[in-house]
Amino acid sequence: MFYKKIVCLLIYLCTIFILSAQQEQKVRIKSGRVSIMGLGDSITEGGECFQSYLFYLNNLLCAAGYKIEFVGPRISKYAGEEIHHCGFSGKSTEFLESVIDTIYYKYIPDIILLHSGHNHFNTEKPIDGIIKAQKSIIQKILTINPNAKIIVAKVILSGKLPKYSYIPKLNKRIEKMVKNFHNPNLFVVDQSRHFRWKKYTIKDKVHPNQSGAQHMAMVWFKSLQDILQSME
């Protein structure tokens, strides 16, 4: 009997927290502020030899007059600027799945930009595992906040082969997965379509150079415009 009461209490507290978070989101949007979380690996975080696309995306959004706040537990710095995000260098989609509920509870971002699919080897045959993890990430976020907007990227291509030769097939599965949710709050953005790794990556043939990061930012920006306008 005692344990049943504890379980009921925990369910009640969880429900109160979720409702409170959803109300906070509504208030934030009505005030004109929209929070965005970049969710991914080093391509999202940036590094010593390359910058995150988030800096360029922030500039595009600000120039267009949007009031945006980037949120997340990690901070990247570039040219005297700081940006918050949820990019974990060297980590897989499965890792993101293991931490997303805790992180999302803390920040309750209105929009999530999910770009994840690297940090595996082709020999692992990782596609099924990546898709399973992405589905779980989406389900966990929407359980906490059904109003969250999630943009899932078909990830950028890489010249580091055969390690990343699985990416084209992965991208087809990502598109199919998102469509199968039949949820109007889920979107696919094709970061792979015009991404030419010979032109847009640094020497490692994986991470975006400045032009590549700018290209990614523009792709995100075009996808975000309709979503942001619908939230006004």
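What this report covers is the structure whose coordinates are included nearby. (Residues numbered from 1 in each chain as written. Predicted model: local features only at pLDDT ≥ 70, side-chain atom pairs only at ≥ 80, totals over all residues. Heavy atoms only, no water.)

**A closer look at the side chain of histidine 120**
Quick reminder of the rule: Helix numbering and strand numbering both begin at the N terminus, where a helix is a DSSP run of H or I of at least 4 residues and a strand a DSSP run of E of at least 2. Relative accessibility under 20% of the residue-type maximum defines a buried residue, over 50% an exposed one, and the middle range a partly exposed one, all with a 1.4 Å probe and only protein chains included. Identification of polar contacts relies on pairs of N or O atoms within 3.5 Å, with a donor-acceptor requirement for protein atoms, meaning one able to donate a hydrogen and the other able to accept it, and with residues adjacent in sequence counted only if both atoms are side-chain atoms. Any pair of residues with heavy atoms lying within 4.5 Å of one another is described as a contacting pair.
Examined against the element boundaries, histidine 120 turns out to sit in the loop between β5 (111-115) and α5 (127-144). We classify histidine 120 as buried; its relative accessible area is 9%. Separated by 2.8 Å, the side chains of histidine 120 and glutamate 124 make a polar contact. Excluding anything up to four places from it in sequence, histidine 120 contacts Ser92, Glu94, Pro126, Ile130, Lys163, Tyr164 and Tyr166.

**Let's talk about the environment of glycine 212**
By the element assignment, glycine 212 lies in helix α8 (residues 210-231). The exposure class assigned to glycine 212 is buried, which follows from its relative accessible area of 0%. Separated by eleven residues in sequence, glycine 212 and threonine 201 place their C-alpha atoms 6.3 Å apart. Leave out the neighbours within four places in its chain, and glycine 212 touches Phe195 and Tyr200.

So, to be careful, I would describe these as geometric facts and stop short of saying anything about function.
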